[in-house]
Amino acid sequence: MSIVELDQVASPLAAAPDSRPSLLGLTRQGLADALASIEVPEREIRMRVNQLWHWIYFQGVTDFALMTNVAKGLRARLAERFTLARPEVVAEQISKDGTRKWLIRMPPVDAKDRGAEIECVYIPERHRGTLCVSSQVGCTLTCTFCHTGTQKLVRNLTAQEIVQQLVVARDRIGDFPGMTPPTDGLLPSGEGVRAVSNIVFMGMGEPLYNFDHVRDAIAVLSDGDGLSLSKRRITVSTSGVVPQISALGDEMGTMLAISLHAVRDELRNTLVPLNKKYPLQELLQACRTYPGVSNARRITFEYVMLKDVNDSPADARELVRLLKGIPAKINLIPFNPWPGTQYECSDWDVIERFSEIVFNAGYASPVRTPRGRDILAACGQLKSETEKVRARARLMMEEDEADGEPASH
Ligand code: SAH
Ligand code: SF4
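Topic: unusual backbone geometry
A negative phi holds for most residues other than glycine; trans holds for most peptide bonds.
Reasoning step 1: At serine 228, a position not held by glycine, the phi torsion is positive, near 60 degrees.
Reasoning step 2: For serine 228, the location among the structural elements is in the loop between helix H5 (211-221) and strand S9 (234-238).

This is how it looks when you write it as structure tokens:
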């Protein structure tokens, strides 16, 4: 494991933060509003938005001066009022398998906000690279096997902050035109393959409890003139917010993943307490009618393997029975332990037996290899580093603050 920590804590002597807002991460409408606020004439706005869009999201520039087809005077006005600043990368960790985790500090959104810290993980494979993004700081739900679930919700991320996670990742792995990617041989390769080719909303938070911001962010991420991620390569994972599932399909059109983890309501009520509100039958009905679902666009069902809890052959058979008729993929996830958890990961032979039953029923059932375990970057482990850095920051600044803001969404 190699760990590079950058500027771990804000120094009390640091220069005052730039008060100009960053345009990075804004939607087309957001950019139009920004241009209108500096009195760009109405008739020019559409064209200017297109120009800015290309420079910000396709080229990844950080300086208005580089926008050569934008009039010089306008570039100067933009630079006076705005920046293209990225949020601060407080720490970067690189696992020996090439997984990278960034602790990102977002600037405060208002006077009460102390600046959110979120983690974002990049997982390279041979022919694709997946970025796991967060949608909230913490989570209001309390799934008992999930580390994020032990951290109370600080706040929803804005669409801008969600988009910025991809831009930070592309910056750091040199994935914008003219940049030099790292030469560690761990990035994906192949004709036309971008280092970040896929996005999963499987970091901190429940994306369907931050619906509008996630929807707006996906519009930016998938815009073909900019960041250009195909919606078929964006997966939104939910623990089962049933009333929002069809809207996700209608309004976002992305792939859907369901954190299932149990095949009986009684057990799922414990593992994923949201099940008490939206039980299995309702959840599976929402999957059956998910807009656009087909054999070519299957729903992923995630199933975390917990020793002696949900891993028996009877569970596997019931899983197959429950999913009958739903175009599905099943992802068996070895449980990633975290300090203080009551669960253990199922033994390997038990996972294999489970997987065989699912496979014999006609499902490819890849067991997701845990990635980045050495840097606590695997699913459900996103939390600890944030806490440690926060503790250090507090100590240095001799502040005695309570942890987090009240929940809001
Ligand atoms: N809130 C959303 C998305 C974030 S969680 C959801 O629950 O789907 C992303 C995935 O990681 C979920 O499938 C979740 O169940 C899984 N996960 C959480 N903690 C885990 C752990 N300790 N080990 C393995 N997977 C975990
Ligand atoms: Fe929240 Fe998902 Fe973790 Fe459950 S598994 S606590 S919904 S982040």
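From this point, things continue past the structure.
Here's the deal with the site of ligand 2
Reasoning step 1: Near ligand 2, the surroundings consist of Cys139, Leu141, Cys143, Cys146, Gly149, Gly205 and Ser239.
Reasoning step 2: Grouping the amino acids of the shell around ligand 2 by side-chain chemistry returns four nonpolar, three polar and no charged.

Thoughts on empty space enclosed by the protein
Reasoning step 1: Here the structure, examined in full by the defined rule, presents two cavities of 30 Å³ or more.
Reasoning step 2: Its boundaries defined by the atoms lining it, the second largest cavity holds a volume of some 40 Å³.
Reasoning step 3: Along its surface, the second largest cavity is lined by Thr254, Met255, Leu256, Tyr290, Gly292, Val293, Arg297, Arg298 and Ile299.
Reasoning step 4: Of the residues contributing to the lining of the second largest cavity, the split by class is five nonpolar, two polar and two charged.

Focus: the packing of helix H1 (residues 28-37) against helix H2 (residues 42-59)
Reasoning step 1: Where H1 meets H2, the axes come as close as 9 Å, and the angle between the chain directions of the two elements is 120 degrees. One element, H1, and the other, H2, form an angle in the oblique class. You can see that H1 and H2 cross each other, and the crossing is right-handed. Residue-level contacts link Arg28, Leu31, Ala32, Leu35 and Ala36 of H1 to Ile45, Arg48, Val49, Asn50, Leu52, Trp53 and Ile56 of H2.
Reasoning step 2: The class makeup of the residues in the contact of H1 with H2 is nine nonpolar, one polar and two charged.

Concerning H1
Reasoning step 1: What H1 keeps buried is the set Gly30, Leu31, Ala32, Ala34 and Leu35.
Reasoning step 2: Buried-residue contacts for H1 involve H2 and helix H3 (72-81).
Reasoning step 3: Positioned one or two residues after H1, glutamate 39 has a phi angle of 60 degrees, which is positive.

Observations concerning the nonpolar core
Reasoning step 1: Residues Leu23, Leu131, Phe145, Phe201 and Phe301 are the most contacted members of the largest nonpolar core, which totals 113 residues.
Reasoning step 2: With residues up to four places along the chain from it excluded, the contact list for phenylalanine 145 reads His261, Leu271, Val272, Val304, Leu306, Phe335, Trp338 and Tyr343.
Reasoning step 3: Within the second largest apolar cluster, five residues are counted, among which are Cys132, Val200, Met202 and Ala257.

Regarding the pairing of strand S12 (residues 328-334)
Reasoning step 1: Counting buried positions along S12 yields six of seven residues, so the element is predominantly enclosed.
Reasoning step 2: With seven bridges joining them, strand S11 (residues 299-305) and S12 adopt parallel strand pairing. Opposite isoleucine 299, over in S12, you have alanine 328 as the bridge partner.
Reasoning step 3: Handedness of the crossover is the feature at issue here: the chain leaves S11, passes through helix H9 (residues 313-322), returns alongside S12, and the resulting connection is right-handed.

Remarks on the site of ligand 1
Reasoning step 1: Taken together, 21 residues form the shell around ligand 1, and within it Gly205, Ser237, Ser259, His261 and Glu302 come nearest.
Reasoning step 2: Separating an oxygen atom of ligand 1 from a side-chain N or O atom of glutamate 302 is a distance of 3.0 Å.
Reasoning step 3: Within the complex, the protein chains bury 96% of what would otherwise be the 530 Å² of accessible surface of ligand 1.
Reasoning step 4: Of all the elements in the fold, those that place two or more residues in the shell around ligand 1 are S9, S11 and S12.
Reasoning step 5: Residues that form the shell around ligand 1 fall into these classes: ten nonpolar, nine polar and two charged.

What counts, and at which threshold
Along each chain, residue indices are assigned from 1 in the same order as the chain's sequence is written. The naming scheme follows written order: chains are lettered A onward, ligands numbered 1 onward. Thresholds applied to this predicted model are a pLDDT of at least 70 for local features of residues and 80 or more for the giving and counting of side-chain atom pairs; totals over whole chains, interfaces and linings are not thresholded and use all residues. The side-chain values count all of the structure's non-hydrogen atoms but skip hydrogen atoms and water molecules. The way it works is that DSSP assigns letters per residue, a run of H or I at least four long becomes a helix, a run of E at least two long becomes a strand, and they are numbered from the N terminus. Only a single heavy atom is needed: when it lies within 4 Å of a molecule or strand, its residue is near that molecule or strand. Only Asp, Glu, Lys and Arg are considered charged, only Ala, Val, Leu, Ile, Met, Phe, Trp, Tyr, Cys and Pro nonpolar, and every remaining residue, Gly among them, polar. Of the two site types, the cavity is a set of points on a 1 Å grid over the protein atoms alone where a 1.4 Å probe fits but cannot get out, and the pocket is an open set with protein on both sides within 12 Å along at least five of seven lines, each lined by residues with an atom within 4 Å of a point. Grid points are joined across faces, edges and corners, and a volume is the space filled by probe spheres set on the points. Working convention: axes come from line fits to C-alpha atoms, limited for helices to the stretch in contact. Angles between N-to-C directions cover 0 to 180 degrees. Each angle is binned into one of four classes, with values under 35 degrees roughly parallel, values over 145 roughly antiparallel, values of 65 to 115 roughly perpendicular, and all other values oblique. Handedness of a crossing is defined here by the sense of rotation of the near helix relative to the far one, left-handed for an anticlockwise turn of less than a right angle and right-handed for a clockwise turn. Contacts: residue pairs with any heavy atoms within 4.5 Å of one another. We call a residue buried when its accessible area falls under 20% of the maximum for its residue type, exposed when it is over 50%, and partly exposed in between, using a 1.4 Å probe and counting protein chains only. Here the nonpolar core consists of buried residues drawn from Ala, Val, Leu, Ile, Met, Phe, Trp, Tyr and Cys, with membership extended through side-chain atoms lying within 4.5 Å. If DSSP finds at least two bridges between two strands, the strands pair. By convention, orient the strands away from the viewer: a clockwise path from the first strand over the helix to the second makes the crossover right-handed. As used in this structure description, the phrase polar contact means that two N or O atoms lie within 3.5 Å; if the pair is within protein, one of them must be able to donate a hydrogen and the other to accept it, and residues adjacent in sequence are counted only when both atoms belong to side chains. The protein chains shown are the only cover counted for residues, whose accessible areas, like all others here, come from Shrake-Rupley with a 1.4 Å probe.

By themselves these figures say nothing about function.
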